[in-house]
Amino acid sequence: QVQLVESGGGLVQPGGSLRLSCTSSGSIFSINFMGWYRQAPGKERELVASATNGGTIYYNDSVKGRFTISRDNAAKTVYLQMNSLKPEDTAVYLCHAGIGVWGQGTQVTVSS
């Protein structure tokens, strides 16, 4: 019943910025754990950032200081603001809800 839809991916030059959005639909009023994962070709999927309704925030060391996760619970949307992007940030970014639901993913490519 709950679905996640990501948007905001694209091609950007190193040093640029993108803002990813993940909107949930369905009858669930709120979801405690929301996270952004990424998976690059030949690499394991990794957690980039996560946020709980209780205010617990996590950032992967590789993105700390550059990425910001935020939530708009009224809109059932979680965002990932990505600044100072690096080529190594290139990956498919997937939204994940702790209830066990994944989005389809959105491609982020950082290249000059």
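Preceding this paragraph is the structure being described.
Summary of the structure given here. (Residues numbered from 1 in each chain as written. Predicted model: local features only at pLDDT ≥ 70, side-chain atom pairs only at ≥ 80, totals over all residues. Heavy atoms only, no water.)

**A short note on the packing of aromatic side chains**
Moving on, step 1. The full count for this structure, using the stated rule, is one aromatic pair.
Moving on, step 2. We note Arg19 situated over the ring of Tyr79; from NZ or CZ to the ring centre the distance is 4.0 Å. (Phe/Tyr/Trp six-rings, centres within 6.5 Å; stacked < 30°, edge-to-face > 60°. Lys NZ or Arg CZ within 6 Å of the ring centre and 35° of its normal.)

**Details of the sheet that holds strand S3 (residues 18-25)**
Moving on, step 1. In space, the four strands of this open sheet follow the order S1-S3-S8-S7, with antiparallel pairing throughout. At either end of the open sheet lies a strand with only one pairing partner, and these are strand S1 (3-7) and strand S7 (67-72). Strand-to-strand, the axes of this sheet are offset by a mean angle of 15 degrees, without reference to chain direction.
Moving on, step 2. Sheet analysis places S1 next to S3, joined by five bridges and oriented antiparallel. Across the sheet, residue Glu6 finds its bridge partner in S3, namely Cys22. (Pairing = 2+ DSSP bridges. Helix = DSSP H or I, 4+ residues; strand = E, 2+ residues; numbered from the N terminus. Axes fitted to C-alpha atoms, helices over the stretch in contact; angles between N-to-C directions.)

**Thoughts on the nonpolar core**
Moving on, step 1. Counting residues in hydrophobic clusters, the biggest one holds 28 residues, and the most contacted among them are Trp36, Leu80, Met82 and Tyr93.
Moving on, step 2. If you list the elements that add at least two residues to this core, you get S3, strand S4 (33-39), strand S5 (46-52), S7, strand S8 (77-82), strand S9 (91-97) and strand S11 (106-110).
Moving on, step 3. Other than its neighbours up to four places away in sequence, Tyr93 contacts Glu6, Leu20, Trp36, Tyr37, Arg38, Val48, Phe67, Leu80, Met82, Gly105, Thr106 and Val108. (Core = buried A, V, L, I, M, F, W, Y, C linked by side-chain atoms within 4.5 Å. Buried < 20%, exposed > 50% of the residue type's maximum accessible area, 1.4 Å probe, protein only. Contact = heavy atoms within 4.5 Å.)

**A short note on the pairing of S5**
Regular strands have side chains that alternate between both faces of the sheet.
Moving on, step 1. Counting buried positions along S5 yields five of seven residues, so the element is predominantly enclosed.
Moving on, step 2. With six bridges connecting them, S4 and S5 associate as antiparallel partners. The residue of S5 that forms the bridge with Arg38 is Glu46.
Moving on, step 3. In sequence, S4 turns back onto S5 through a hairpin of six residues, with Gly42 there showing a positive phi of about 80 degrees.
Moving on, step 4. As defined by bridge partners, S5 adjoins strand S6 (residues 57-59) across three bridges and the pair is classed as antiparallel. Residue pairing in the sheet places Ala51 in a bridge with Ile57 of S6.
Moving on, step 5. Two successive antiparallel strands, S5 and S6, enclose a turn made up of four residues, where Gly55 displays a positive phi of approximately 100 degrees.

**Some points on unusual backbone geometry**
Moving on, step 1. A positive phi angle is found at Lys76, which is not glycine, with a value near 55 degrees.
Moving on, step 2. With respect to the element layout, Lys76 can be found in the loop between S7 and S8.
Moving on, step 3. Residue Lys76 is classed as partly exposed on the basis of its relative accessible area of 27%.
Moving on, step 4. Not every positive phi belongs to a glycine, and Ser84 is a case in point at roughly 50 degrees.
Moving on, step 5. Relative to the assigned elements, Ser84 resides in the loop between S8 and S9.
Moving on, step 6. Owing to a relative accessible area of 41%, Ser84 belongs among the partly exposed residues under this scheme.

Geometry only, nothing functional implied.
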